[in-house]
Amino acid sequence: MKHKLNPMQSKKLGKYIAIGTLLFAINACTKPAAETPQPAEPQGFSKLEVASNFDWKNSKTITINVTGLPTNEPIRSTLTMSRHSGGNEDFYAGSHLMSENVSVTLRIPAAQDSLIVRFGTVQKTISVKTRTVTVDYLPTIEPDIP
Amino acid sequence: MLKKILVGFFVAFTGFAQAQSQSQNLTLNFESGNRAIETGNCWAFGAMSYYTSSSSIPSITGAWSGRSNSPTNLDPGACWIKTPWIIPQSGNITFNIRFESANATYTTRRIIVSYIPVNPANFNTNEGALVRFDSITYTSTTTASFTTPRALSFQVPSAIVNSSNPQPYKIQISLVGTGGTVRYNIDDLVVPGTYQADPSNGCRPLVSRPDADGDGVADTEDDFPNDATLAYKSFYPASTFGTYLFEDNWPMQGDYDFNDLVLGYRYEYRLNSQNKIVSMQVQLVPRALGAAFNNGFGIQFDNINQSDVVSVTGARTQPVFWLSTRANGTENGVQEANIIVSDNMSRIMPPPTPGRFVNTESGVPYVNPDTIVLVINFRPGSSVDYEYVVPNPYLLINGDRAREIHLVDNKPTSKMNIQLLGTGEDASSVTNRTYFRSVNKLPWALDIPAFVPHTFERTDITTAYLRLADWARSNGTSNQDWYEDIPAYRNVNNIYRR
C-alpha cells in the first residue's frame, strides 16, 4: 500500500521545497570568506611571464674557499668536491697541500644545496646556498672544560 | 722572548700560531688559542682545555696555556695530552707545570709519562697499548699546592729510540690525582722527535704511498696511476648525463615542445697533478630530432683560445661548403676553441621513416641513440684551468652557418650573422650582451643538469613538466628541481615513450 498526501500536505511540502531551493541558491552564490588560493593552471610556455633578467639557468657558479691548515710537515693529498660521498661523482678533484689556501670555482646544478668536501680522510658537508662558501679542515672538538 | 718572536712570525704569515717541529723537537705552546688546530695536526687531548691569561688564572708563558679538569682518579686516562706520531729522539721531555690554585685542596696529584707503540691491527688509530715509563707524585702531606711553575723533565726511554730502525711512537702526558679540586696548568711542552703523523689519513703514521707514475699523486687517489701526464677526472654534471633541449624556429617563436634537438651530454675533465686540464672527453647522445630541418650542433669554449687546442677527435662532420676546420680540429676563422660536432644531426640519427621525426611521435619506430665521444687535447703547458672551460653549446639551423641558437645570454660565435640578432621575435642585443631571448623573454634552448625525458611532438613542455612555469615565474628561486622525477612534478602522458 502506498501512502498518499492530502492537498494541504502537498501545499506545505511545496512551500518547504521552494524555501529550501532559495536558501541553497543564496548559499551557492556566496563566496567563502577564506577561500584557499589555487595554483594557476599552466597557460603554456609562450604565455609565461618572467622577469627580464631571468637567465633560464639550471646551474649556478659557486666559489669554494678552502682555508688550509698549517701542518708540521708538508701533507699533500687529493681535495675533492662531490655531490655524494663515495662514487665517481667529483665536480672537482685536485692535488693540494693541506696547508694551502685553495679557491675553486665550480658550476653545479642550481638545485644542489650541499657538497661533500674531502681531503684524504677529512670530510665535511658544506651548504652551497650562497655564491661563496668557506670551509676548513679543522675537526669538530668537544667544548672546553668550564 | 723567543716564544713571542716565534708566535709573532706565525701569526703574521699564516694567521695561526701552532705546534711546530723545530729541528728534532716537537713543541706545544698553546699559543694558537684553538685546540682544533692542534687536534687537526694529530695532537689529542683528554679532559684538557686551552685558556687565555687572566688576572684570576694567569698563563704560564705567552698568552695561552693548557688546563686540566679536576682529576678524580690515578688512571692515566683521567686527563692527558698525547703527541702525534713521532720518531723519538734521545733527550728529555720537558714542560712547565703548576697547580692552578694555592688554596684548593688535594690529596694526591701524579704526572705520568708514557709511550704508545704502533699496532697496525688497531685500524682506527693504529695505537698499541700504553707503556708507562716515568712519573712524579705529589701528596698534600708532603707538598703544598704550588702556583709558581715548575719545569719538569723526563728522559726519553732508550727502548723507543732506535736510529737504525726508527719506529713511530706517541708520548702521553697524564695529569691525574685524587681528592680535592686542584687543576693543573701546563705549558711549553717539548718532546725530542720528528713529526711522523698524517693528518689527511686519520692521523695514522705517515707512510710513503705507492706512486707508480711518479707524478706525486698516490696510486690510490690517481685516476691514471700509470700515466704521469694525467691524475684526475672531474665531471659535469657529476653523477649523470645532462640534457640540452632546443627549439629550432629562431628567430620566430616555436611550439615549445623543446624536442627539435634533444642531446644528452657529460663533460669529463682530465687534470694533471698540477691541477691543469690536459684533455676533455665529451660524451654526446642525440636522443630525439623533432625537426624538419637538418640541424647541426657545435660547442664553443669561450675562454679557450683555439691555439691552446692540440687536437679534437670524434666530431661527426662531412665535407660541406660552409665548414672549414684547422688541423687541430677547431673551426677556421674563429679565435675561440670552437668545434662543429655535427654539420647534420639527421645523418647521425636518421628518421626511421622518411618524412617522420625521430623519437618524438608515438607509432613511429624508435631509433636507438648513438654516442658521440669527443676528445679535446690541450697544448701541454697551456695552463688551462678547470673553471675556465665552460661550454657554450649551440644548434646550427638547417645547414646555414650564419644562424645559430644558443642558451640564453651565451654569445654567438664569430661565424653568426649578427645582423639577424634582434629580428623576428628575437630580442638579442649585442650592446647589452643579451642573447637568444625572445621579446617575451623566452629561450630557444634549455640546459638541464640531469637526464630528463622529452615531450611528445608539439606538446608544450609546461604540460609535461608541471613545475617549470612556477620556476620560471619565480626567477629561478623556487622549484629549482622542476625537472626531477618527483611525484606531481611530471605529467607522464605528455612525455615521450616508445
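First things first, this report covers the structure right here in the doc. All of these numbers come straight from a predicted model, not from anything done at the bench. (Residues numbered from 1 in each chain as written. Chains lettered and ligands numbered in written order. Predicted model: local features only at pLDDT ≥ 70, side-chain atom pairs only at ≥ 80, totals over all residues. Heavy atoms only, no water.)

Regarding its fold elements, chain A presents 1 helix and 7 strands. Start at the N end of chain A and walk to the C end: the helices and strands fall as α-β-β-β-β-β-β-β. By residue count, 38% of the 146 residues in chain A fall in the buried class. For chain A, contacts bridging at least 24 residues in sequence account for 57% of all contacts bridging at least 6. Summing over all exposed atoms, chain A offers an accessible surface of approximately 9,100 Å²; the carbon and sulfur share of this is 56%. (Helix = DSSP H or I, 4+ residues; strand = E, 2+ residues; numbered from the N terminus. Buried < 20%, exposed > 50% of the residue type's maximum accessible area, 1.4 Å probe, protein only. Contact = heavy atoms within 4.5 Å. Areas by Shrake-Rupley, 256 points an atom, 1.4 Å probe, with all protein chains shown as cover.)

Residue and element names in this part refer to chain B. By secondary structure assignment, the location of P286 is in strand β19 (residues 277-288). Residue classification places P286 among the buried residues on the basis of a relative accessible area of 1%. The spacing of P286 and N368 is 82 residues in sequence and 9.4 Å in space, taken between C-alpha atoms. When neighbours within four sequence positions are excluded, P286 is seen to be in contact with V262, L263, M345, I348, M349, P369, D370 and I372.

The subject of this paragraph is the interface of chain B and chain A. On the side of chain A, 57 residues touch chain B, which itself brings 77 residues to the contact. Carbon and sulfur atoms make up 56% of the surface buried where chain B meets chain A, a total of about 5,700 Å² over both sides. Among the residues of chain B in contact with chain A, S200(B), Y236(B) and R473(B) are the three that bury the most area, contributing 10% of the side total. For the interface between chain B and chain A, the tally reads 1 salt bridge. Here the residues of the side of chain B that touches chain A sort into 36 nonpolar, 25 polar and 16 charged. (Buried area = accessible area lost by both parts, 1.4 Å probe. Salt bridge = Lys/Arg side-chain N within 4 Å of Asp/Glu carboxyl O. Nonpolar A, V, L, I, M, F, W, Y, C, P; charged D, E, K, R; others polar.)

In this section: the sheet that holds strand β7 (residues 132-136) of chain A. Residue and element names in this part refer to chain A. On the basis of which strands lie adjacent, the open sheet formed by 3 strands has the order β4-β1-β7 and mixed pairing. A strand with exactly one partner marks an edge of an open sheet, and here the two such strands are β4 (102-109) and β7. With direction set aside, neighbouring strand axes in the sheet form an average angle of 30 degrees. Bridge count between strand β1 (residues 59-67) and β7: 5 bridges; the pairing is parallel. (Pairing = 2+ DSSP bridges. Axes fitted to C-alpha atoms, helices over the stretch in contact; angles between N-to-C directions.)

Residues and elements named next belong to chain A. Strand order in the open sheet formed by 4 strands is β3-β2-β5-β6, and the pairing between neighbours is antiparallel. Each having just a single partner strand, β3 (90-97) and β6 (122-127) make up the two edges of the open sheet. Strand-to-strand, the axes of this sheet are offset by a mean angle of 15 degrees, without reference to chain direction. As defined by bridge partners, strand β2 (residues 76-82) adjoins β3 across 7 bridges and the pair is classed as antiparallel. Across the sheet, the residue bridging to T80 is A93, located in β3.

What follows covers the state of the cysteines. Residue and element names in this part refer to chain B. Applying the stated rule across the entire model yields 1 disulfide over all chains. The residue that forms a disulfide with C42 is C203, at a sulfur-sulfur distance of 2.1 Å. Because the sign of the S-S torsion sets the handedness, a value of about -85 degrees for the bond joining C42 and C203 places this disulfide among the left-handed ones. Residue C42 is located in the loop between α2 (35-40) and β3 (44-46), and its partner C203 is located in the loop between β14 (197-198) and β15 (204-205); the two are separated by 161 residues in the primary sequence. Each member of the pair C42 and C203 is classed as buried. (Disulfide = S-S within 2.5 Å.)

This part takes up the environment of G399(B). Residue and element names in this part refer to chain B. Following the sequence through the fold, G399 ends up in the loop between β24 (391-396) and β25 (404-406). Taking the C-alpha atoms as reference points, G399 and W322, 77 residues apart in sequence, are found 8.3 Å from one another. Among residues more than four places away in sequence, those in contact with G399 are N294 and W322.

The next subject is empty space enclosed by the protein. Residue and element names in this part refer to chain B. As enumerated under the stated definition, the model contains 2 cavities of 30 Å³ or more in all. Here the largest cavity defines a volume of roughly 50 Å³. Surrounding the largest cavity, D260, L261, L289, A291, F293, N295, M345 and S346 form its lining. Its residues assigned to classes, the lining of the largest cavity comprises 5 nonpolar, 2 polar and 1 charged. In this structure, the second largest cavity occupies an estimated 30 Å³ of space. (1 Å grid on protein atoms, 1.4 Å probe; cavity = no way out; pocket = protein on both sides within 12 Å on 5 of 7 lines; lining within 4 Å. Points joined across faces, edges and corners; volume = space filled by probe spheres on them.)

Within the largest apolar cluster, 77 residues are counted, with the highest numbers of intra-cluster contacts made by L106(A), M280(B), F297(B), F301(B) and I376(B). In terms of residue count, the dominant contributor to this core is strand β18 (residues 261-271) of chain B (6 residues). Excluding residues that lie within four positions of it along the chain, I376(B) makes contacts with V278(B), S279(B), M280(B), V282(B), F301(B), V309(B), S311(B), V312(B) and I339(B). Core analysis: the second largest hydrophobic core is formed by 38 residues, L26(B), Y184(B), V191(B) and Y195(B) among them. (Core = buried A, V, L, I, M, F, W, Y, C linked by side-chain atoms within 4.5 Å.)

Another point: the pattern of salt bridges. All names here are of chain B. Scanning all chains against the criterion turns up 20 salt bridges over all chains. In this structure, R209 and E221 form a salt bridge, with 3.1 Å as the shortest nitrogen-oxygen distance. One end of the pair, R209, is in the loop between β15 and β16 (232-236); the other, E221, is in the loop between β15 and β16, with 12 residues separating them in the sequence. With its nearest N and O atoms 3.3 Å apart, the salt bridge here joins K411 to E336. Of the two residues, K411 sits in the loop between β25 and β26 (445-448) while E336 sits in strand β22 (residues 336-342), which places them 75 residues apart along the sequence.

Any functional reading would require information beyond the geometric quantities listed.
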